[in-house]
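Structural description and commentary
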Amino acid sequence: MSDSLVLRTGAQDGVATLTLNRIEKKNALSIALRDELSDALDDLAGDDTVKSVVITGAGDVFSSGFDLREFQQPELTDQLWASSDRFHATVLEFPLPLVAAVNGPAIAGGFDLAVMSDIRVAADTARFSHPEIEFGDVVYGPLHDLVGGAVARELCFTGRVVEAAEAKALGLVSSVVPPPALRDEVARFTGQIVRAPRDVLVRTKAKAVRLARVAGDKTLDL
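The structure reproduced in this document is the subject of the present report. Just so it is clear, the model here is predicted, and its values are computed rather than measured. (Residues numbered from 1 in each chain as written. Predicted model: local features only at pLDDT ≥ 70, side-chain atom pairs only at ≥ 80, totals over all residues. Heavy atoms only, no water.)

1. Some words on the layout of surface pockets
Cut-off, in case you're wondering: Using protein atoms alone on a 1 Å grid, points that fit a 1.4 Å probe yet trap it form a cavity, whereas open point sets bounded by protein on both sides within 12 Å along at least five of seven lines form a pocket; residues with an atom within 4 Å of a point count as lining. Grid points are joined across faces, edges and corners, and a volume is the space filled by probe spheres set on the points. Segments assigned H or I by DSSP are reported as helices when at least four residues long, segments assigned E as strands when at least two residues long, and all are numbered from the N terminus. Note on residue classes: Ala, Val, Leu, Ile, Met, Phe, Trp, Tyr, Cys and Pro are nonpolar, Asp, Glu, Lys and Arg are charged, and everything else, Gly too, is polar.
If you add up the space inside the largest pocket, you get close to 620 Å³. Thr 17, Val 54, Thr 56, Arg 183 and Val 186 are, among the 21 residues lining the largest pocket, the residues nearest its centre. Elements with a minimum of two residues in the lining of the largest pocket: strand E1 (6-12), strand E2 (15-20), strand E3 (52-57) and helix H7 (182-193). Sorting elements by how many residues they give to the lining of the largest pocket places H7 first, with 5 residues. Of the residues contributing to the lining of the largest pocket, the split by class is 10 nonpolar, 9 polar and 2 charged.

Now the structure itself:
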């Protein structure tokens, strides 16, 4: 297994794939992983051969959220928040369609990463929740933009678990399939996306970002 925290698959028919690669930590979003993902997205944003990017997790978990051990190390505070601010802004403002292939649980910051993507395709083993409401702030804006205030407030205030079938009913995900079918289902969506010219995709994504009004410089403002 590669030592890289984000595995990159180069553009194939216009689609690049980024895989979160901390299986032993359930793909927790450490400072290092967030920075590596931000770097990868910055690189892909400038690649004219790319029309869409898929983000997924290694193993059977999409992401368990931020690495909470880092919050217990005061010497990391400045780096932690700078990394977090950059990560959220980079994902939210990425200029091309992002597709989250949610291969399993997407919890806390992992839920945010899925929500900040443009399209979510989920395995039926996926589930979503914001348990961090019990001890800290929740990123609210992107979820509100996706499902509206009533659902977003309920999920953020209660932290309850949403299973894949309910996520489909709520509009959180576009499709739910068994895990072995996830790759092909994601390819079905990206295949439709890449039919469009890259410049059209860029302009359309810019409209989506502008109208969402959730881009911000600070994580805790979202």
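2. Structural notes on helix H3 (residues 109-116)
Filter applied, for reference: Exposed residues in this analysis have more than 50% of their type's maximum accessible area, buried residues have under 20%, and partly exposed residues fall in between, with area computed by a 1.4 Å probe over protein chains only.
Where burial is concerned, most of H3 is hidden: 8 out of the 8 residues are buried. Buried residues of H3: Gly 109, Gly 110, Phe 111, Asp 112, Leu 113, Ala 114, Val 115 and Met 116, and no others.

3. With respect to the side chain of Ser 38
Selection criterion: Residue contacts are defined here by distance: any two heavy atoms, one from each residue, within 4.5 Å place the two residues in contact.
For Ser 38, the location among the structural elements is in helix H1 (residues 31-45). Discounting chain neighbours no more than four positions away, the residues touching Ser 38 are Arg 86, Phe 87 and Thr 90.

4. Some points on the packing of H1 against helix H2 (residues 77-92)
Rule in force here: Think of each axis as a best-fit line through the C-alpha atoms, taken over the contacting stretch in the case of a helix, with angles from 0 to 180 degrees between the N-to-C directions. Left-handed is the label given to a crossing in which the near helix is rotated counterclockwise from the far helix by less than a right angle, and right-handed is the label when the rotation is clockwise.
The contact between H1 and H2 brings their axes to 9 Å, and the two run at 35°. Crossing handedness for the pair H1 and H2: left-handed. Residue-level inspection shows Ile 31, Arg 34, Asp 35, Leu 37, Ser 38, Asp 39, Leu 41 and Asp 42 of H1 in contact with H2, the latter providing Gln 79, Leu 80, Ser 83, Ser 84, Arg 86, Phe 87, Thr 90 and Val 91. When the residues that make up the contact of H1 with H2 are grouped by side-chain class, the tally is 6 nonpolar, 5 polar and 5 charged.

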